[in-house]
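What follows is each chain in one-letter form.
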Amino acid sequence: MSLMQSDDNFYLIPQNNERTCFEGFINVHGQEHQFQISLPPGGTFSQASVQCDLSLQQMLQGYEAVIEKRLQQSQDLATFLLELKTIAESQAQKMHLIMLPPPSYYKQLLTEIEELDWKNVSYVDTSLQQLHLRAMDQGGREHILKIHISSEHPVERPICTVDLPIPFNISWSSQTGMLQFLYKQFQNMLETLQDFWNQLDEIDSKTWILEPENPIRGASKRRIALGNNSSVQIQVDPKNPRLPPECKLLGADHVINPLNSRIGEWNPEDSILNNLERVLNVQFPSPANSKKEDFNMECGICYAYRLEMEIPDKACDDQRCGQPFHQTCLYEWLRALPSSRQSFNTIFGECPYCNKPITVKMPS
Ligand SMILES: [Zn+2]
Ligand SMILES: [Zn+2]
């Protein structure tokens, strides 16, 4: 069955050779709606019956007679479908107007925004239901509180979207002045996170962060380059940033093994960065004395960093090589070579880079 018609407005696929049955989609304000058209056997186009999905039915409700008349008058299916689209779109627009909040909503909201001060508003949409509020914290960092205000404001609580490392659970009651109260709660939340962001800002500015590439304010994890194809991943507790973070070391054994875990020496008075350097007995390479390319962590076989969820955490143990690989890539590579030897789930072979012995376990 070939496509009968396809453009931005609709498409239609014949369902049988007789071309009496069609299925397709019609585009109404950017949304596709499904419909079916069937003609009686041997019948003409004007006797067609049209069936459509529920949302399209709702839009066309009350217009059945008009649609039937258009069907009889239309020269062909394409003309009729364009008519159908026009009716549906004008109906959809009317339905949207009905859904807008009552005038009292706007009066109330404008008063609340005045109280808040317009200078704290970074964005507001034309329907006055999406509001973005800007807040500067003590450390001079800008934060945005995105609020979707209900048409039932202030009876119904708004939906807030924030970039924070902990959930933003708001207190709400159906009184006036609630937006200001909400903004205050956001500011208080920011203050409790100052030390968390101070600590991470120091790490971000003085080390090479391999992951995430551009950390958002809500990100509490960092993978920090240690040099020679090794790195440490930390996860900081936003509520207790000075406590020892969860640490995971990645890289060749000869680099990782000497990093004696002296976690007992962690000093909560000191910064995370200083603590990490002392406990791991390392000095992190920094933008002041190195280039990020020096800490290339790409897999030496597929030249990518991330392979599905896997990162290149298997590295050659030779001092001068240290090339990282995905476990899967290295396993597949070694398995294909006649020089490799397999014992149970481990393959013994040679590093594709330096030819020194390397082993890899079968990926689970
Ligand atoms: Zn790979
Ligand atoms: Zn190697």
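In this text, all values refer to a predicted model and were calculated from it rather than measured experimentally. (Residues numbered from 1 in each chain as written. Chains lettered and ligands numbered in written order. Predicted model: local features only at pLDDT ≥ 70, side-chain atom pairs only at ≥ 80, totals over all residues. Heavy atoms only, no water.)

When you go through the protein chain residue by residue, the secondary structure sums to nine helices and 18 strands. Rg of the C-alpha trace for the protein chain: 31 Å, well past the compact-globule value of 21 Å for 364 residues, more than 25% over. When its C-alpha atoms are laid out on the principal axes, the protein chain stretches across 85 × 70 × 35 Å. Counting across all 364 residues of the protein chain, residues that qualify as buried make up 41%. Considering only residue pairs separated by 6 or more positions, the protein chain has 43% of its internal contacts joining residues 24 or more positions apart. As presented, the protein chain carries roughly 20600 Å² of accessible surface, and 50% of it is formed by carbon and sulfur atoms. Averaging the locations of the 31 positively and 45 negatively charged side chains of the protein chain gives two centres separated by 5 Å. (Helix = DSSP H or I, 4+ residues; strand = E, 2+ residues; numbered from the N terminus. Rg over C-alpha atoms; globule rule 2.2 N^0.38 Å. Buried < 20%, exposed > 50% of the residue type's maximum accessible area, 1.4 Å probe, protein only. Contact = heavy atoms within 4.5 Å. Areas by Shrake-Rupley, 256 points an atom, 1.4 Å probe, with all protein chains shown as cover. Lys, Arg positive; Asp, Glu negative; His and termini not counted. Charge placed at Lys NZ, Arg CZ, Asp CG, Glu CD.)

Moving on: the sheet that holds strand β9 (residues 159–161). As summarised here, the arrangement of the four strands in space is β6-β7-β8-β9, forming an open sheet in which the pairing is antiparallel. Lying at the two open borders of the sheet, with one neighbouring strand each, are β6 (121–124) and β9. Averaged over all pairs of adjacent strands, the angle between strand axes in this sheet comes to 20 degrees, irrespective of strand direction. Relative to strand β7 (residues 130–136), β6 is paired through three bridges, and the arrangement is antiparallel. Each bridged residue has a counterpart across the sheet, and for Y123 the counterpart in β7 is H132. (Pairing = 2+ DSSP bridges. Axes fitted to C-alpha atoms, helices over the stretch in contact; angles between N-to-C directions.)

Our next topic: the coordination of the zinc ion (ligand 2). Around the zinc ion (ligand 2), the protein contributes the donor atoms C316 (SG), C321 (SG), C351 (SG) and C354 (SG), which lie 2.3 to 2.4 Å from the metal centre. Read N to C, the donor residues that coordinate the zinc ion (ligand 2) are spaced as C-x4-C-x29-C-x2-C. By relative accessible area, C351 is classed as buried at 1%. Using a relative accessible area of 22% as the deciding quantity, one classes C354 as partly exposed. (Donors = N, O, S within 2.8 Å, 3.2 Å for Na, K, Ca; no water.)

Once that is clear, we can look at the coordination of the zinc ion (ligand 1). Protein coordination at the zinc ion (ligand 1) comes from C299 (SG), C302 (SG), H326 (ND1) and C329 (SG), with a distance range of 2.1 to 2.4 Å. Here the zinc ion (ligand 1) is ringed by four donor atoms whose angles at the metal span 98 to 117 degrees, and the overall shape comes out tetrahedral. Along the chain, the residues donating to the zinc ion (ligand 1) are arranged with the sequence spacing C-x2-C-x23-H-x2-C. Linking C302 in the loop between α8 (272–279) and β14 (314–315) with H326 in the loop between β15 (324–325) and α9 (327–335), this pair joins segments that are 24 residues apart in sequence. (Tetrahedral: all angles 85-135°; square planar, octahedral: opposite > 155°, others 65-115°.)

A few words on unusual backbone geometry. The phi angle of most residues is negative, glycine excepted, and most peptide bonds adopt the trans form. Here the residue pair H153 and P154 is connected by a cis peptide bond, since its omega of 0 degrees sits within 30 degrees of zero. The topology assignment puts P154 in the loop between β8 (142–148) and β9. Phi at N281 takes a positive value of approximately 55 degrees, unusual for a residue other than glycine. With respect to the helices and strands, N281 occurs in the loop between α8 and β14.

The tally for this structure, following the rule as stated, stands at 15 salt bridges. As a salt-bridge pair, R217 and D201 come within 3.0 Å of each other at their nearest N and O atoms. Placement of R217 in the loop between β10 (209–211) and β11 (221–227) and of D201 in helix α6 (residues 194–206) is noted, with a sequence separation of 16 residues between them. We classify D201 as partly exposed; its relative accessible area is 25%. (Salt bridge = Lys/Arg side-chain N within 4 Å of Asp/Glu carboxyl O.)

Right, let's talk about the UniProt feature "domain: RING-type" (unreviewed entry) in the protein chain for a bit. Taking the numbering used here, the UniProt-annotated feature "domain: RING-type" (unreviewed entry) corresponds to residues 299–355. Within residues 299–355, the helical portion is 16% and the strand portion 21%, while the C-alpha atoms at the span's ends are 16 Å from each other. (UniProt positions renumbered as here; feature names shortened; annotations may be inferred.)

When cut into domains, the protein chain gives domain 1 (5–99), domain 2 (103–190), domain 3 (195–295) and domain 4 (314–361). The C-alpha centroid of domain 4 is placed 61 Å from the C-alpha centroid of domain 1. (Domains from an automatic or database assignment.)

With that out of the way, let us pick up the sheet that holds strand β18 (residues 357–361). Within a sheet, neighbouring strands are paired by backbone hydrogen bonds and run either parallel or antiparallel to one another. Judged by pairing direction, the sheet is antiparallel, and its three strands sit side by side in the order β16-β17-β18 without closing on themselves. Since the sheet does not close on itself, it has two edges, and those belong to β16 (341–343) and β18, each with one partner. Strand-to-strand, the axes of this sheet are offset by a mean angle of 25 degrees, without reference to chain direction. Relative to β18, strand β17 (residues 346–350) runs antiparallel, the two sharing five bridges. If you follow T346 over to β18, its bridge partner there is K361. Sheet strands in contact with α9 are β16, β17 and β18, and its direction is about 115 degrees off that of β18.

Bringing the pairing of β7 into the picture now. Joining the antiparallel neighbours β6 and β7 is a turn of five residues, in which L128 adopts a positive phi near 60 degrees. Sheet topology note: the β7/β8 ladder contains seven bridges and is antiparallel. Looking at the pairing, R134 lines up with I144 of β8. Once β7 ends, the chain turns through five residues before running back antiparallel as β8, passing G140 with a positive phi of about 75 degrees.

Attention shifts here to the packing of helix α4 (residues 103–116) against helix α5 (residues 178–192). At their nearest, the axes of α4 and α5 sit 8 Å apart, and the two run at 40 degrees to each other. When the axes of α4 and α5 are compared, the pair comes out oblique. In contact with L109, E112, I113, E115 and L116 of α4, α5 contributes M178, L179, Q180 and Y183. (Parallel < 35°, antiparallel > 145°, perpendicular 65-115°, else oblique.)

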